[in-house]
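Spelled out from the first residue to the last, the chains are:
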Amino acid sequence: MRPTLPAIACGMLLLVSVRSAAADDLLWLVRDGRPLCTIVHGQDDQYAAQRLQRWFADTAHAKVETVASDAQTLPKEGCLVLLGSAASNPAVRRLAAEVQIDVGSEGLTEQGYIARRVRKDGRDYVLLAGGGRDGTNYAVVDLIHWTLRHDGGNVSLGPLDAREIPRFKYRWFWNWDHRMDWGGPGRVGTVMGGGGTFSKEPQAFLIDFKRCVDYMADHKFNGLIIWGFIRDTHGGIAASQELCRYASQRGVRILPGVGTSDYGGYYFEGNHLYNADTWLAKHPELRSIKKDGSPRNSACPSKPENKQWLDEGAKWLFDTFEIGGVNLEMGDFYVCYCDDCKKARAAIQSKEPDYYKDMAISHMVTFETMRRIAPKAWLSYATYTGYTAAMMKTPPKFLDMIPQDAICQWTLTHMARKWPADVRPMAKHNLGYLHWCNTSTHTQDDFYLADVRDICREAASVGFEGLDTYGELSPEQPNVELFYLAWEAFLWNPQMSIDEFVEERLAPLWGGREPALAILKIIPLIKTAKLRKNPENLTEARRLVMSARAAASPNGRARWDRLIAYLERQQQAEHVQKTKPAK
């Protein structure tokens, strides 16, 4: 946790002394628009340096210079902001050694960082040392969002001594392309769970996803699962390549959703060799079979030709796109009843559901191929289910059949309602998936705060390495922004309290601590659709919002205005519903 100012007791004398001490300890980075610092970055840290430089320009209208650490000479005067890892930035490495700060990646991990003010030989330094490139990026965005103080053309920094390491390695969004609502032109597509038509303008694909990636990079999310990753209707291969390059520069891994039987294969929609419909149109004998004996337009998991097609497609995917991994799905509980699949399932001595067996038959070869192609890729797969105490006693065979270095994605949505604390996931690497705050589950207007804190604590207690949830909605909607901010905070530190979250994350954004505390009274009134149907709840929520807005500092009022607009939409929707003529 970052240090906070001492608690201020009653009495003006103490208040003045504390404020004076804080003011005396300020390090000025920009004064009256004049830069008083220089950013010194490592060889792999250009994005982090540019992000900080851009913030100075946007916030204080100051042109802070950036210098590569391997430059012949560094500035002789002014504060140096040293950012990078021990491996990437010699200046970071030297200063850390001289003042005895351990910035080795072994202790920090690739994603952790140390942020510290250092004064040495009469000169000020701001050390932003990541365990790797990602940690450096995170040090910069945390400094921007939660630490730097700014007022007009002035930027200052108070006491700084932080060491942050995320509890969860994997912090992902799980998105369908056609449901993205980040401001790209056109109408958002159908809200159905899988598939769907991309109905926006073609350019909306890159607009929506680049905005999403920017937000993820700024809030320390590191993986973006995209279903509908490649479609002819939103730019095909070229658009997806551009997105991958953009995300990679920002430390966000693109993880295409790949349907190994259903859901389109590698190329979700279009006339392409690695589109499942195209493949099966040429080879109808390779389709899976329904229980009634009729063909289904999805690939049979046991046919050698389909396995070879998936292997060749995997090589094409990793060769063509700068991706960070994949998320495989077999198809929602689908089972193939052809003779080959019946025989293959019969050889698996287990009472687990048949779709688990078909999933293992399909995924195990594909994952081995992908691992050879991309040794460091994040390879995950969806079970569509949670896990149970019975599974612990008799683990399903798919866990042994699928390579154990793959990440098993368990669905926790229903488990979260009544967490089985004594039951643990059984894969070597486990990821939890939540269907929260999304149009397809009709939760797009719901609020989540304690829910996120609780599931992060519970998942951490049983050894999960990550969690993923939807990121299809723009944070311009107040409940969505709160949702994302809660994930950001509790995925890094599940032990953070709600009060600490309000103090450290909401108070700076919503105009002060006291106004922000009102959010804890407002959420219980409007958290779910059922609660919002009560007009008294909406009226009381509006009263609390108006009171908090009046008490908020000017920088927080825009968020209160968005919450007022949100409540007005809810009241209008409820009025329309009540005045509809009966059928």
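Refer to the structure presented above.
Owing to the predicted nature of the structure, the values given are computational and were not obtained by experimental measurement.

Undergrad: Which residues make up the sheet that holds strand 10 (residues 161–164), and what values do they have?
TA: If you walk across this open sheet you meet the 6 strands as 4-3-5-7-6-10, and the pairing is mixed. The open sheet has two free edges, formed respectively by strand 4 (66–68) and strand 10, since each of these has just one partner strand. The sheet shows a mean angle of 20° between the axes of neighbouring strands, taken without regard to direction. Two strands pair when backbone bridges link them, and strand 5 (residues 79–84) and strand 7 (residues 123–130) are joined in this way by 5 bridges, in the parallel orientation. Paired with Gly 84 across the bridge in strand 7 is Ala 129. Contacts from helix 5 (residues 133–147) reach strand 5, strand 6 (113–120) and strand 7, with the element oriented near 125° to strand 7.

Undergrad: Lay out the sheet that holds strand 12 (residues 223–227) in plain terms, naming residues and giving numbers.
TA: If you trace the 8 strands once around the closed barrel, you get 11-12-13-16-17-18-19-20, paired in parallel fashion. On average, each strand axis in the sheet is tilted by 25° relative to the strand beside it, whichever way the strands run. Strand direction decides the pairing type here: strand 19 (residues 430–434) and strand 20 (residues 466–469), joined by 4 bridges, are parallel. The residue bridging Gly 432 from the neighbouring strand is Leu 467, located in strand 20.

Undergrad: Give a description of unusual backbone geometry that names residues and reports values.
TA: Unusually for a residue other than glycine, Asp 121 sits at a positive phi of about 55°. Within the secondary structure, Asp 121 is located in the loop between strand 6 and strand 7. You will see that Tyr 263, though not glycine, has its phi angle at about 65°, which is positive.

Undergrad: Please give an account of helix 18 (residues 519–526) that cites residues and values.
TA: Along helix 18, the residues that are buried comprise Ile 519, Ile 522, Ile 523, Leu 525 and Ile 526. Along the axis of helix 18, the buried residues cluster in a sector spanning 165°; they form a single face.

Undergrad: Give a description of helix 5 that names residues and reports values.
TA: Between its first and last C-alpha atoms helix 5 spans 20 Å; for 15 residues at 1.5 Å apiece the expected length is 21 Å, and the two agree. Counting buried positions over the 15 residues of helix 5 gives 13, a clear majority of the element.

Undergrad: Hey, could you go over the pairing of strand 12 for me, with residue numbers and the actual values?
TA: In terms of residue burial, strand 12 counts as a mostly covered element, since 5 of its 5 residues are buried. The two faces of strand 12 match: Gly 223, Ile 225 and Trp 227 on one face and Leu 224 and Ile 226 on the other face are all buried. With 5 bridges connecting them, strand 11 (residues 170–176) and strand 12 associate as parallel partners. Within strand 12, the residue paired with Trp 174 across the bridge is Ile 225. As paired elements, strand 12 and strand 13 (residues 253–259) share 4 bridges and run parallel to each other. Looking at the pairing, Leu 224 lines up with Ile 254 of strand 13.

Undergrad: Give a description of empty space enclosed by the protein that names residues and reports values.
TA: Applying the stated criterion across every chain yields a total of 6 cavities of 30 Å³ or more. Space inside the second largest cavity adds up to approximately 50 Å³. Lining of the second largest cavity is provided by Phe 447, Pro 478, Leu 482, Trp 510, Ile 519, Ile 522, Ile 523 and Leu 563. Elements that contribute at least two residues to the lining of the second largest cavity include exactly helix 15 (478–492) and helix 18. Counting residues per element, the lining of the second largest cavity draws most heavily on helix 18, at 3 residues. Residue composition of the lining of the second largest cavity, grouped by class: 8 nonpolar, no polar and no charged.

Undergrad: An account of the packing of aromatic side chains is requested, with residue identities and associated values reported.
TA: All told, the structure shown has 45 aromatic pairs when counted by the stated rule. Ring centres of Trp 227 and Tyr 263 lie 5.8 Å apart, and the angle between their planes is 65°; this geometry places the pair in the edge-to-face category. Placement of the pair is Trp 227 in strand 12 and Tyr 263 in the loop between strand 13 and helix 8 (276–282), with a sequence separation of 36 residues. Between Tyr 355 and Tyr 356, the ring centres sit 5.0 Å apart and the planes meet at 70°, which makes this aromatic pair edge-to-face. Among the aromatic residues, ring-to-ring pairing joins Phe 333, Tyr 355, Tyr 356, Phe 367, Tyr 381, Tyr 384, Tyr 387, Phe 398, Trp 410 and Phe 464 into one connected group. The ring of Trp 28 is capped by Arg 31, whose NZ or CZ atom sits 3.8 Å from the centre of that ring.

Calculation rules
Residues numbered from 1 in each chain as written. Predicted model: local features only at pLDDT ≥ 70, side-chain atom pairs only at ≥ 80, totals over all residues. Heavy atoms only, no water. Pairing = 2+ DSSP bridges. Helix = DSSP H or I, 4+ residues; strand = E, 2+ residues; numbered from the N terminus. Axes fitted to C-alpha atoms, helices over the stretch in contact; angles between N-to-C directions. Contact = heavy atoms within 4.5 Å. Buried < 20%, exposed > 50% of the residue type's maximum accessible area, 1.4 Å probe, protein only. Arc of directions from axis to C-beta. Expected span 1.5 Å × (residues − 1). 1 Å grid on protein atoms, 1.4 Å probe; cavity = no way out; pocket = protein on both sides within 12 Å on 5 of 7 lines; lining within 4 Å. Points joined across faces, edges and corners; volume = space filled by probe spheres on them. Nonpolar A, V, L, I, M, F, W, Y, C, P; charged D, E, K, R; others polar. Phe/Tyr/Trp six-rings, centres within 6.5 Å; stacked < 30°, edge-to-face > 60°. Lys NZ or Arg CZ within 6 Å of the ring centre and 35° of its normal.

Taken by themselves, the reported measurements are silent on function.
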